[in-house]
Each structure stands twice: as C-alpha cells, then as structure tokens.
Amino acid sequence: MIDMENMSVLIVDDLKSMRTIIKKTLRNINIGKDIYVAENGKDGLRVLHETRIDLAIVDWKMPVMNGAQMLDAIRAEPRFRDMPVLMVTAECERDVVYEVAEIEVDGYLLKPLTPVMLEEKIRAAVEKANAPDDATLLVRKARTLDESDKLDLAIVCQERAVKLKPHASRLKRNLGVLYGKAGRVEDMKRCLLEAAAENLQDAVTRHMLSQYYWKKKEWMKAVRYSCEVLSLTNRFNDHTIEEGISLLKMQQNDLAVTLLSKLVNKLEKHLEIKEKILDLCVANGEKEFAKELLTNLLKDFPGNHGLHFKAGQIYEALGDDEKALEYYLEANKNMIEPIQTKLRIAHIYFSKGKIIQADDFLSEVLRLDPENEDALELRRTM
C-alpha cells in the first residue's frame, strides 16, 4: 500500500525550474517524504534501479530519453511495471496522448501545473494502485501466466477481464495477442477488429490489423489500416515507409502512392524523411509521385540546391530533357555533385546535337577526374 505522505516520488524533467516547482508544490501539499529528481529518462531509470520509488512524475519532452521511452522501459520491466506514472506535457498534439496511453500511463498533467491539479492526479493514481479493480487484477494474472508459458490459463484470465470491461479496447487487443500466440488466428482477428471498433483512436490495434492483413497479402486492407494509423500518430512512420517501398517493389504502385502521400502530407516540412521517400520512389520507378513530391519540396525548400540535382534526375527519367537540363545547370552553378552533374549536362547536350557545349562540360569533368570512364567513353563517341 502506498501512503501519500510517506511515499517516495521521482520527478523527471530536463528543466531544473520545473523540477524545483514540482518538488516545492509536493512539499506544500504534504505529499511524499523522499523526493528524487532526474533530468532525463535515462537518469530516471538509473534512480529507479538504485532506489525504491512509489510514484514517478515524468515530463513528455526531454533529450536523451523522452517520457514515452522511459514509460515504455518501466512497463517492460517486472520490478517497475505496475508503478503509477503521471506524464507531464505542454504539448497539444494528439500523439502525446495516444503514444503514452498505449503503454499505460496513469494520468496526465498539463503545464502550467497547479497544486490542486497535482494533488488530484496523484491521489487518483495512488488510489488506483492501492485498490486495483478486478479487471486489472485479472490482466496482471494473465500477464504472469503468459510469462510462465501457461498460455491457456492466461487466455482464460484475459477473457474474464474482457467480460468485466467489454468496451476496453486495450483488453480486447491483449486478448487478441494471446489468441495469436496460441495459433487461434481467426479469434485474434475478431478481437482486434472489435478493439478497433470500440476505440477509433486506438493506433496500436490498427497497426496490428495492418500487419495481419499484410501477412495475408490483402494489400488494400493493410493500407487502409496503415492510413488510419497515420492519421493518429507518428509512432509508426518508419514502418509506413517500409510498407510503401515494399508495395512499389511488388508493383502495387497505386496503393504505395496512397500510403506514402498520406505520410508526406502530415510531415509538413520534414525534409530528411521526404527526401528519403523521394529517393526510394525514384529507385523503384515511381516517377510521377516523385515528380509531384519534388515540386512541393522545391517550393518548401527553395534554398536547398541539392534538390535541383534530384530534379534533373527525375525529369531526365521522365524523358523531359529540357526541364532536366534546367535543373542540372542550376545544380552545377551551386557545385552540387559536380562530376555527375556535368556528366548529365554533357549527355543531354550531346543528345541534342550540341557537341561544343557537351565537350566543354566533358573537359570540366576530366579536369576534376582525368580517368573518368563515362566522360572518356562519351568523348570517344563524339
């Protein structure tokens, strides 16, 4: 049993001022005897391993290891996984709520914090920890049985928990996972579909459904659920890129574009990820979507001259040499990929019968790389 006055509390926040404010507030409202602090999730986990902690108050946005990553580590370790955790955030993005909710946070504290809010949230979390309901006890028992390789008994306990809370999407999802382990694939699918229907904001269940349909090679359903995931969270963005590229390789281009365009539209000005998608589309032959993406990137990042070289490659692949030449000349002006750029310009000029201009650029290439085989071969051809 946790006693609010005498319990030990861990405060994890990268801002010293916030750690001080929370600590003073706890003193003022007479909560906690021993109060520990850490400036990021990694340090917070170290404190947990060194000291007995009854409750943690963790900031969402921190360097080194953020709040969600720390919470994930806490729930994965048997010693700490049932410890109450409150998440502090000033973020308004839905990702904050979705991501930490899926690893079972016990409450949210929105900045600026007030003594009344802090006491209310702590009291609720402690009461829940001291007197867990029957469904929670069954879930914990199912977890222990599963870890002891008593899968059939774990399923029975989880089924009973679902009966007590029939509208709890996470409980149905976890039952589906147990069914999957037992090889009861249809029961797993049914539970996941019911969980998704219960909670339209359950991103994790939708991700699992996408994976299920992916294995069944039902690409359209897999993409449908992946798109729903994208509308809820950024947590699975890397997985979405992998799916999109796999679809391109299987020549499911329409579905790939549907998925990747959904991702691109939500990323706003994330140049690095968009460039990665652009390169992968070019490499896998999806030139029209690459062209559309490139046009938007050039608008968003007009000063990024590296994009001009990529634009030249794409338009050349599309057979629009005039447009390709325009972008290659701009890249050459800014010394982007100097040898390759000059080579491409020389090839385009040669194809247009402009031998003098082509030879000028070949000479520049050979000054930089006298043994360049492509340049030497083109000169022999000329």
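Residues numbered from 1 in each chain as written. Predicted model: local features only at pLDDT ≥ 70, side-chain atom pairs only at ≥ 80, totals over all residues. Heavy atoms only, no water.

Student: Help me out: how do you make sense of the packing of aromatic side chains in this one?
Tutor: Think of a pair of aromatic rings as described by two things: how far the centres are apart, and how the planes are tilted against each other in angle. The final tally for this structure, using the stated rule, is six aromatic pairs. Considering the side-chain rings of Trp214 and Trp219, the 5.0 Å spacing of their centres and the 70 degrees angle between planes classify their relative orientation as edge-to-face. You can call Trp219 buried: its relative accessible area is 16%. For the ring pair Phe309 and Tyr328, a centre distance of 5.8 Å and an interplane angle of 55 degrees mean the geometry is tilted. Here Tyr328 lies in helix α17 (residues 321–333) and Phe309 lies in helix α16 (residues 306–317), a separation of 19 residues in the sequence. You'll find Phe309 and Tyr328 in the same group, each marked buried. Grouped by ring-pair contacts, the aromatic residues Tyr212, Tyr213 and Tyr225 constitute a single cluster. In this arrangement the basic side chain of Arg224 is found over the ring face of Tyr225, its NZ or CZ atom lying 4.5 Å from the centre. (Phe/Tyr/Trp six-rings, centres within 6.5 Å; stacked < 30°, edge-to-face > 60°. Buried < 20%, exposed > 50% of the residue type's maximum accessible area, 1.4 Å probe, protein only. Helix = DSSP H or I, 4+ residues; strand = E, 2+ residues; numbered from the N terminus. Lys NZ or Arg CZ within 6 Å of the ring centre and 35° of its normal.)

Student: What exactly am I supposed to notice about helix α1 (residues 16–28) here?
Tutor: Each α-helix winds once per 3.6 residues, and so residues spaced three or four apart point in a common direction. For α1, built from 13 residues, the straight-helix expectation of 18 Å at 1.5 Å per residue is met to within 8% by its first-to-last C-alpha distance of 18 Å. On its buried side, α1 packs onto β1 (8–12), β2 (34–38), β3 (55–59) and α5 (115–130). (Expected span 1.5 Å × (residues − 1). Contact = heavy atoms within 4.5 Å.)

Student: Teacher, can you tell me more about the environment of Ile345 here?
Tutor: Within the secondary structure, Ile345 is located in helix α18 (residues 338–351). Ignoring anything within four residues of it in the chain, the contact list for Ile345 reads Leu325, Tyr328, Leu329, Asn332 and Phe361.

Student: Help me understand the pairing of strand β4 (residues 85–89) in this model?
Tutor: Across a regular strand the side chains alternate sides, sitting on one face of the sheet and then on the other. β4 sits mainly inside the fold: five of its five residues count as buried. Of the two faces of β4, the one holding Val85, Met87 and Thr89 and the one holding Leu86 and Val88 are both buried throughout. Here β3 pairs with β4 via four bridges, running parallel. The residue of β4 that forms the bridge with Asp59 is Val88. After leaving β3, the chain enters helix α3 (residues 67–76) and then returns to the sheet as β4, a path that is right-handed. Across three bridges, the pairing between β4 and strand β5 (residues 108–110) is parallel. For Met87, the partnering residue across the bridge sits in β5 and is Tyr108. (Pairing = 2+ DSSP bridges. Right-handed = clockwise from strand over helix to strand, strands pointing away.)

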